[in-house]
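# Fold and geometry: a report
Letter by letter, the chains look like this.
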Amino acid sequence: MAIGAGPGKGADNPINRLVEKDTVPWYKKPNLRMLYFLMFPTCIGIEMTSGFDSSMMNGLQAVPSWDSFFNHPRSTILGLLSSLYSLGSMFSLPFVPIVTDRYGRRAAIIFGSVVMVIGAALQTASQDFAMFVIARFLLGFGIPFAIVAASSMIGELAYPKERARIGSLFNASWFIGAIVAAGVTLGTFAMPNNWAWRIPSILQVTPSALQLTFVWFIPESPRWLVSKGRGEEAYAILAKYHAEGDLNSEFVKLEYAEIETTLELEREQGKGSWRDFIASPGMRKRVLICSFLGLATQWSGNGLTSYFLARILDNVGVHDDHTKNLINLAMTCWGFVNGTTLALTVPKMRRRSAYLTCTIVLTLIFTGWTIASAEYQKTGSQAASRAVIAFIFLYSPAYNMGYNALTYTYLVELFPYHARAKGIAVFQWWGRAAGFFNQFVNPIGIQNAGWKYYISYCIFLLFEVIFVWLLFPETSNRSLEELAFLFEGEKLREEQEKRIKEEVEDNGAPTPGNSSDKGSAVHVEHSQI
C-alpha cells in the first residue's frame, strides 16, 4: 500500500464513482469549457512570465548591445543579475499566504500582476545597472502572489476529472513564455542599439497584462468562499461549472458537502496559523516534502540550461552568438512539445512512479552530460561536444516528466485547504532560495571549475531518487477532500466520511434561488460575485 493510502480512496469514494459515470467530455459542456478558456490567461498562463524571464536572460547574454551596456557581466555580476528575480520572490513569500487566504485567490493574482507590470516597465527603461537590478527584484517580488493563488485556484475550481491535467499544464505554460523570449532575442540580438534588449524587456509585461484583463471574468475559489461563510455563492459556482447550472445535481450536493465538512474538520484541528502549520507530525511531513520539491526543482541541473546555456556552450566549443540563440530557441521549442505532451499524459500515472522514473533518468542523463563535458575539456573532441548538446536535449523530457508536469498538481493534492497557500509558499521559498543560490553560484562554478562543477548535481540527483522512494506518498485518483487527512490516520478520515454522509442525508447544501430552475445557478453567481 502506498504511503498515506487509506479507506475510501479511489473508486470507493462516491464523488469518484459519479465522475466515472460522467462520460460527457469537457469541451461539450459550455460552462466548463468557458471556465477552462478563462483559466488559461488568468491562471495557467502565469508561468509564462518565469519562462520568458529565464529564456530572455539566456538570450541577452548573447546580445552584444546588452553585454556592452552592462559592461560585459560575467561570474559574480552575471549571477547577481539573474538571481535578483529569485531574491525578490524570497522577500515576498512570507506575505503571499496572508493575501491569498485573507483576500482571495483573485486578489492575490491582481496584486502580483500589478507589481510585475511595474517591474517590466522599469526593466525596459533601465538607464544603469542599479535600475535593472531593482526591476528584476520587483518582477521576482510579484510572481509568487500570482503563482500560489493561481495554482491553488486551478485545483479548487477545476472539475475533478480534469483537475490533474489542468494543474499539470500550469508549468507547461513556462515554455510559451520561453519560446517567445527566445524568438524575440534571436530577432533583435543583431540590432545595433539598446532596443535589442529593451524590446524583449517590455514584452515581459504581456502575461501580466493578460491576467489583469481576464481575472475579472473568472469565479473565485468555492473553497475560499466556503471558508469565509459564503456557501451560497460557492454552491452556485459549483453548480454552474460542474453541473452546467443544475442546482439539484447529486454530484454538486455531494461535492459541496465534502468541501464544507472537510473545512469544518480542518478548523477543529487548528486555526491555520504558521504554528499549526508545523504542529502535527502529518503537517511536518508535508512541509518536508514540499521543501524538498522546492530544492529539487532547482537543484536538478535545470538552472544551468535555463539561465547559463551560453556559458555552457562556450565550455564545449560553441562560441558563435547566432548559433547559441538558435540552440536556445530549438531547446525551448523542444521543451514546449515534450512538456505539454507529458502534462497531458503523465497525470494518468501514479505520482510516485512518475517521480521515481523522473529522478532516476535525470541522474543517468546528467552523469552522461558530465562525462562528455570532461572528455571535451581533456581532448577537445567534437563528438563529446555534440554529446553534451544531445544530453541537454534529452534532459528536457526527463525533467518535465516529474518536476514540470506534476509539481503543482502534487502540492495541491498534498496540502489540505487551510494549509495549501502556505505549503505552496514554502515550496516557492525553497525553490527561489535554491534558484538564487544557483543563479549566483552557477556562473562562478562554470567559469572556475568547468565540468567538475557538474558532479555536485549528480550527487544531489542521486539523493533525490532516495528521498522520493522513501517519503513520497501516493495521491492519484483521489479528491482534494479525501487527501486532506492523508497523514492524520483512519479515525479522522472515518469521522469525515460520517459527517459527509449526514450532511448529504440532511440536504444541507445552501441551494440558492429557485431549485427547480436549472439556470438559476448562473443568475445567482452573477448577482453575488
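In case you missed it, the structure is sitting above this.
Read on for an overview of the structure.

Conventions and cut-offs
Residues numbered from 1 in each chain as written. Predicted model: local features only at pLDDT ≥ 70, side-chain atom pairs only at ≥ 80, totals over all residues. Heavy atoms only, no water. Helix = DSSP H or I, 4+ residues; strand = E, 2+ residues; numbered from the N terminus. Rg over C-alpha atoms; globule rule 2.2 N^0.38 Å. Buried < 20%, exposed > 50% of the residue type's maximum accessible area, 1.4 Å probe, protein only. Contact = heavy atoms within 4.5 Å. Areas by Shrake-Rupley, 256 points an atom, 1.4 Å probe, with all protein chains shown as cover. Lys, Arg positive; Asp, Glu negative; His and termini not counted. Charge placed at Lys NZ, Arg CZ, Asp CG, Glu CD. Polar contact = N/O pair within 3.5 Å; in protein donor to acceptor, adjacent residues only side chain to side chain. Phe/Tyr/Trp six-rings, centres within 6.5 Å; stacked < 30°, edge-to-face > 60°. Lys NZ or Arg CZ within 6 Å of the ring centre and 35° of its normal. Core = buried A, V, L, I, M, F, W, Y, C linked by side-chain atoms within 4.5 Å. Expected span 1.5 Å × (residues − 1). Disulfide = S-S within 2.5 Å. Salt bridge = Lys/Arg side-chain N within 4 Å of Asp/Glu carboxyl O.

### What to know about the overall build of the protein
- Looking only at helices and strands, one finds 26 helices and 0 strands in the protein.
- The C-alpha atoms of the protein give 24 Å as radius of gyration, which agrees with the globular expectation for 529 residues (24 Å, within 12%).
- For the protein, the spread of C-alpha atoms along the three principal axes comes to 75 × 45 × 45 Å.
- Per-residue burial for the protein yields a buried fraction of 60% across its 529 residues.
- Sequence separation of 24 or more characterises 84% of the internal contacts of the protein that already satisfy a separation of 6 or more.
- Surface summary for the protein: the accessible area is close to 19800 Å², and the carbon and sulfur share equals 64%.
- Between the mean site of the 45 positive side-chain charges and the mean site of the 43 negative ones, the protein shows a separation of 5 Å.

### Observations concerning the environment of Tyr-355
- With respect to the helices, strands and loops of the structure, Tyr-355 is situated in helix H20 (residues 351-379).
- Classification of Tyr-355 by relative accessible area gives buried; the value is 0%.
- In this structure, Tyr-355 is in contact with Leu-293, Gly-402, Tyr-403, Leu-406, Thr-407, Tyr-410, Val-468 and Phe-472, ignoring residues within four places of it in sequence.
- In this structure the side chain of Tyr-355 is engaged in a polar contact, spanning 3.3 Å, whose partner is the backbone nitrogen of Thr-407.

### Here's the deal with the packing of aromatic side chains
- Under the criterion given, the structure shown has 41 aromatic pairs.
- Measuring from centroid to centroid gives 5.9 Å for Phe-141 and Phe-145, while their planes differ by 45°, and the two rings are tilted. Taken as a pair, Phe-141 and Phe-145 lie in helix H8 (residues 129-157) at a separation of 4 residues, close to a single helical turn. Exposure class is identical for Phe-141 and Phe-145. Each is buried.
- One residue, Arg-198, lies across the ring of Phe-69, its end atom 5.7 Å from the ring centre.

### A word on the nonpolar core
- Counting residues in each nonpolar core, the largest one holds 121 residues, and the members touching the most others are Met-39, Ile-218, Leu-293, Phe-366, Tyr-403 and Phe-472.
- The element best represented in this core is H8, accounting for 12 residues.
- Contacts of Phe-366, omitting those with residues within four sequence positions, involve Ser-300, Gly-301, Leu-304, Tyr-395, Tyr-454, Tyr-457, Cys-458 and Leu-461.

### Comments concerning helix H2 (residues 30-42)
- Taking 1.5 Å per residue, 13 residues should reach 18 Å; H2 reaches 18 Å between its end C-alpha atoms and fits that length.
- Three or more residues of H2 are buried, namely Asn-31, Leu-32, Leu-35, Tyr-36, Leu-38, Met-39, Pro-41 and Thr-42.

### A few points about helix H13 (residues 231-242)
- Given a rise of 1.5 Å per residue, 12 residues ought to cover 16 Å, and the 16 Å separating the end C-alpha atoms of H13 matches this to within 8%.
- With respect to burial, H13 is a largely interior element, 11 of its 12 residues being buried.
- Turning to H13, its buried residues number three or more, namely Gly-231, Glu-233, Ala-234, Tyr-235, Ala-236, Ile-237, Leu-238, Ala-239, Lys-240, Tyr-241 and His-242.

### Concerning the state of the cysteines
- Overall, the coordinates contain 0 disulfides when judged by the stated rule.
- Lacking any disulfide linkage, Cys-290 is separated from the closest cysteine sulfur, that of Cys-358, by 18 Å.

### Regarding the side chain of Glu-220
- Mapped onto the fold, Glu-220 is located in the loop between helix H11 (206-214) and helix H12 (222-227).
- One buried charge, Glu-220, has no salt-bridge partner; the nearest side chain with opposite charge is Arg-106, at 4.3 Å.
- Side-chain polar atoms of Glu-220 contact the backbone nitrogen of Arg-106, separated by 3.4 Å.
- With near-sequence residues (within four places) excluded, Glu-220 lies in contact with Gly-104, Arg-105, Arg-106, Met-153, Leu-157, Leu-225 and Ile-237.

So far we have only geometry, and geometry alone does not tell us how the molecule works.
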